[in-house]
Structures are given as structure tokens and as C-alpha cells.
Amino acid sequence: MFRRAKEAGAASVSLSVDGQTIAAQAGDSVAAALLAAGITACRTTPVSGAPRAPYCMMGVCFECLVAIDGVGSRQACLTRVRDGMRIETQQGKREAGR
Amino acid sequence: MSERRDYDVAVIGGGLVGSAIGWGLTRLGQRVAVLDEGDVAYRASRGNFALVWVQSKGLGMPEYAAWTRRSSDGWAGFADTIKAETGFDTAFQRPGGFTLCLSEAELEARALTMKRLHNQSRMVEVPYEMMERPALEKMLPMIGPEVVGGSYCPLDGHCNSLRLLRALHTGMEQLGADYLPSHIVETIEPRGGEFHLVTTGGDVTAGKVVLAAGNGNARLGSMVGLDVPVRPQRGQIVVTERARPFLPYPVVTIRQTDEGTVMLGDSVEEAGWDDRVGSGVTSVIASRAISMFPILKSLNVVRTWAALRVMTQDGFPIYEQSADCPGAFVATCHSGVTLAANHALVVAPMIKAGRLDAELDVFSARRFDVPKS
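A brief structural summary.

Reading the values: the criteria
Residues numbered from 1 in each chain as written. Chains lettered and ligands numbered in written order. Predicted model: local features only at pLDDT ≥ 70, side-chain atom pairs only at ≥ 80, totals over all residues. Helix = DSSP H or I, 4+ residues; strand = E, 2+ residues; numbered from the N terminus. Rg over C-alpha atoms; globule rule 2.2 N^0.38 Å. Buried ≥ 20, exposed ≤ 12 C-beta atoms within 10 Å, placed from the backbone. Contact = placed C-beta atoms within 7 Å. Core = buried A, V, L, I, M, F, W, Y, C linked by C-beta atoms within 7 Å. Pairing = 2+ DSSP bridges. Axes fitted to C-alpha atoms, helices over the stretch in contact; angles between N-to-C directions. Parallel < 35°, antiparallel > 145°, perpendicular 65-115°, else oblique. Left-handed = near helix turned anticlockwise from the far one by under 90°. Nonpolar A, V, L, I, M, F, W, Y, C, P; charged D, E, K, R; others polar.

**A short note on the overall build of chain B**
Looking only at helices and strands, chain B features eight helices and 17 strands. Whereas a compact globule of 373 residues would reach a radius of gyration of roughly 21 Å, chain B reaches 21 Å, a difference of no more than 12%. Counting only C-alpha atoms, chain B reaches 65 × 45 × 40 Å along its principal axes. By residue count, 47% of the 373 residues in chain B fall in the buried class. Expressed as a percentage of contacts within chain B between residues at least 6 apart in sequence, the contacts between residues at least 24 apart total 73%.

Shown next as C-alpha cells:
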């Protein structure tokens with residue numbers, strides 16, 4: 001669905017998403033890395049369970065919430081990727097304490 | 001705008017007190033108008049903490065403990081009736097509730113308050129238990145290390161008070177009551193055995209009038225010979241994002257709602273009509289809540305707000321019929337959620353009958369006229 005405007009240049013990093021490894025570029029936001037890897041549903045809502053994807057990409061809509069390294073409800077669009085980062089998509093209400 | 005302008009009862013105030021009374025009267029076949037302000041209103045009914053709470057109420061007036069217990073006991077049936085009539089689930093639960101103490105001094109003070117409450121003559125029976133940490137941990141395993149103890153009352157509970165308000169409005173309108181928003185009452189004139197109300201939305205005439213306008217009752221009372229000394233008292237609330245259920249009991253300052261959010265409260269400030277949130281108070285609310293349940297620090301805060309309680313000088317409600325203008329009643333309290341069952345099922349029939357029962361005499365504002373010494 002999404003294609004990078006510029007493929008070359010930045011160093012490659014690898015992330016795990018729900019246990020599966022994906023490649024990203026240094027400097028990507030987590031949201032951009034997910035979309036570039038073809039992962040368009042990052043969570044389901046706590047109310048209806050409808051799937052949600054990163055939308056505004058600038059920190060205001062809170063649609064892109066994911067768990068990053070064990071911490072839930074992080075804004076993927078405001079978090080830079082880091083090699084070895086562990087991303088989990090969120091299903092419904094989050095669990096307090098993680 | 002309704003064509004029908006003559007009513008048995010005009011209830012002034014469309015919050016929880018007015019709506020509960022309005023719903024109760026409508027179910028008894030009365031023709032009811034509920035007059036409300038608009039978005040300018042302070043709306044304590046939309047800012048409350050939604051506890052249906054019994055423990056520690058009534059120190060200084062044991063009749064208030066009995067009145068509270070009676071409403072709490074009636075709440076489950078009240079909630080069932082609302083649901084059957086409107087389809088709205090008010091999410092009432094009564095698992096019992098806690099007050100938690102973060103120091104030995106707090107725990108001692110709590111135990112003393114509970115003892116004084118129950119030592120009063122004429123005190124109704126309200127079961128409760130003071131708990132040290134080991135007993136508490138059995139019921140609330142996630143308490144933080146700073147919690148030294150607390151009190152538990154099996155009668156305490158909570159609900160979804162926004163849905164309660166919506167259900168009462170839906171219920172009374174289904175049965176034929178007129179809800180009239182943007183009808184700010186400017187004057188009330190008793191004339192010819194009726195009350196003529198001039199409002200910003202037009203005139204309304206009714207056989208009786210019930211003042212249920214929260215802090216607005218002070219202004220309205222003087223129009224019908226009622227002294228209603230109420231003042232705003234600010235409370236602030238912090239709300240987290242929705243989480244899976246993890247807190248099975250309401251705590252007086254922390255509760256997880258049926259929808260998953262966690263509400264943290266409930267501060268007390270004398271700030272006049274200023275209903276703004278202040279970060280100093282919300283920080284203390286959050287910090288104390290995290291001391292009680294450290295797991296809360298993982299949740300994001302999504303909203304904060306402040307609202308104004310409707311407070312008398314002794315903290316107890318006022319129910320009274322005007323001696324100068326019979327047919328004019330006032331009903332005001334700061335526990336519109338807890339007392340909703342009583343307002344709908346006990347007070348409304350008395351208003352229909354035109355007379356408050358003697359058991360409510362103790363709640364007359366005449367109590368403020370008695371010299372203290």
C-alpha cells in the first residue's frame with residue numbers, strides 16, 4: 001500500500017512486530033516502519049473492536065497506539081525505531097501494568 | 001416548544017436530583033415540566049464521581065446515615081426499573097467499597113471517625129470493618145507498600161452516572177414529561193394557588209414547583225420564601241484510558257468504571273464559582289492513587305475536569321416545603337447519585353401528595369437557625 005519515496009541512504013534496523021521480524025530504516029517512526037512493512041492495522045479499539053491504523057502521523061489522533069518494549073499505548077508516530085525494538089499490536093482495552 | 005403549558009409540577013433543574021424527582025412524579029401520573037439551563041450551567045450531575053456510597057456518612061446527623069442507607073438499599077431495584085423502562089443499563093454494582101489509608105495517622109483518624117459515627121444515638125446499623133494491611137491484601141492484592149490499612153463497608157457501590165442521567169431523561173420523556181432546556185428561571189410568582197414562572201424560554205405555569213437547581217437553589221429559594229444556604233465546593237477528577245477490568249471494588253477516591261476507564265478523585269476546595277482544573281491538585285490526586293495502586297502508573301491520563309459540589313454548611317441535604325408559599329419545595333444535596341433512588345421513589349410521592357413526611361423534618365434548612373451554643 002505504501003512505497004518509500006527514497007529507498008537508499010539510511011542504515012537498516014530490525015524490529016519485531018508480534019514476534020515477526022521486519023526491517024526498517026534508521027530515522028523512521030514506528031508508525032512509518034509498520035506502514036512500510038505492510039502492517040496497516042496496529043490495534044483494535046477498546047469499544048467496538050474495530051481495527052485502527054496510523055492516521056495523522058503527527059501525534060494528535062492517537063490512532064497509532066501500540067505496545068513498545070512492553071509499555072502499552074505508546075504513540076507509534078512519535079517514537080523513532082531502534083534496532084531490536086519489540087512492538088506489539090494492541091487488542092481492545094489495554095492491560096494495566098504493561 | 002410544547003403547546004401544553006400547564007403542569008401539575010414544574011421541576012427547576014434537569015440534573016440528577018431534578019430528573020429523579022421528575023421521573024418519579026411522571027411515573028405517578030403527574031404532568032411534569034423539567035426546566036433546565038443550557039451549556040452555561042455548572043452541571044454537577046455531569047462532573048460527579050458516581051459512587052453510591054454509605055460508609056462514614058452521617059456524622060453529626062445520624063438520620064442522614066439512615067436516609068443514605070435506605071437509598072443504597074433501594075438502588076438495585078431502582079436500576080432494574082430504569083433498565084426495564086428505558087433499556088439503559090446504569091451499571092450499578094454493590095461489591096462493597098474501601099477507604100484506604102497511607103499512614104498510621106490516617107488509619108487512626110479513620111478508625112476514630114467510624115467509631116464516633118457509630119457511637120451516635122439513633123444511628124442506623126451500617127456494617128463496616130476496619131482492616132489492617134494483611135486483611136486488605138486478601139481482597140485487594142495489588143495495593144502498594146504504603147497502604148497501612150483501611151475501612152470496608154459491604155453496602156458501598158458505584159454506577160455509570162452519565163447513563164443514569166440519560167436514562168432518567170429518556171424515561172420521563174417517554175412517559176410524557178416535558179424537558180425544557182434553555183429555560184432559565186427569572187421569577188417565580190405564586191398567584192391564585194399556582195406558580196407562574198417567567199423563564200428565558202417562555203412562561204410556565206404549574207400547581208407546584210420543586211427547586212432542584214443545585215447551587216442555583218440559593219437564588220431561586222428567595223422567590224418562594226425558602227432559605228437555601230448552599231455554596232459551590234470544587235472537586236477535581238483525573239481519568240485514565242480504558243483498561244481491562246483489574247479493580248473489583250470501588251475505593252472512595254479510585255474506581256474503575258464499567259467502560260474500563262479509571263477515575264481518580266476527589267479533592268475538596270473552597271474556590272467559589274471557579275470550576276477550573278489546577279495541576280497542583282491533580283498531581284496530588286494522581287500521586288496518592290499511585291501510592292494506593294502502583295499499577296496505575298502504567299496507564300495514560302486522558303481527561304481531567306473540575307466540577308462544583310452543592311454544599312450546605314453541615315454537608316447534609318435540604319428537603320423542605322415553603323411555609324410562606326405552600327406547594328414550593330426544595331430538594332438539594334451533594335449526593336445526587338447515591339440518593340437518586342430515594343428522590344425518585346420516596347420524595348416524588350411526597351411531593352405529589354403535597355406534604356413531606358415528618359421523617360424529612362430533620363433536613364429542613366430551619367436547622368441552620370438554631371444557635372450553636
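Further notes follow.
**Overview of the nonpolar core**
Membership of the largest hydrophobic core comes to 107 residues, with the highest contact counts inside it found for A10(B), V11(B), I12(B), I21(B), V209(B), V210(B) and L211(B). The element that contributes the greatest number of residues to this core is helix α2 (residues 62–86) of chain B, accounting for seven residues. Filtering out sequence-adjacent residues up to four positions away, L211(B) remains in contact with I12(B), N217(B), L220(B), G221(B), L226(B), V228(B), F329(B) and V330(B). Counting 20 residues, the second-largest nonpolar core is a separate cluster that includes A33(A), C64(A), L65(A) and I68(A).

**Comments concerning the pairing of strand β6 (residues 71–75) of chain A**
All names here are of chain A. Relative to β6, strand β5 (residues 65–68) runs antiparallel, the two being bridged by three bridges. Residue pairing across strands places V66 opposite R74, the latter belonging to β6. Where β5 hands over to β6, the hairpin turn is made up of two residues, of which D69 adopts a positive phi near 50°.

**A few points about the packing of helix α1 (residues 16–27) of chain B against helix α8 (residues 340–353) of chain B**
Residues and elements named next belong to chain B. It is at 8 Å that the axes of α1 and α8 come closest, and there the two elements cross at 55°. As the angle between them shows, α1 and α8 are arranged oblique. Where α1 crosses over α8, the two elements pack in a sense that is right-handed. In contact with L16, V17, A20, I21, W23, G24 and L25 of α1, α8 contributes A340, H343, A344, L345, V347, A348, I351 and K352. When the residues that make up the contact of α1 with α8 are grouped by side-chain class, the tally is 12 nonpolar, two polar and one charged.

**A few points about the sheet that holds strand β4 (residues 51–52) of chain A**
Residues and elements named next belong to chain A. The three strands are arranged β4-β3-β8 in an open sheet whose pairing can be described as mixed. In the strand order of this sheet, the two ends are held by β4 and β8 (90–91), each with one partner. Pairing between strand β3 (residues 43–44) and β8: two bridges, direction parallel. Directly across from R43, in β8, lies its bridge partner Q90.

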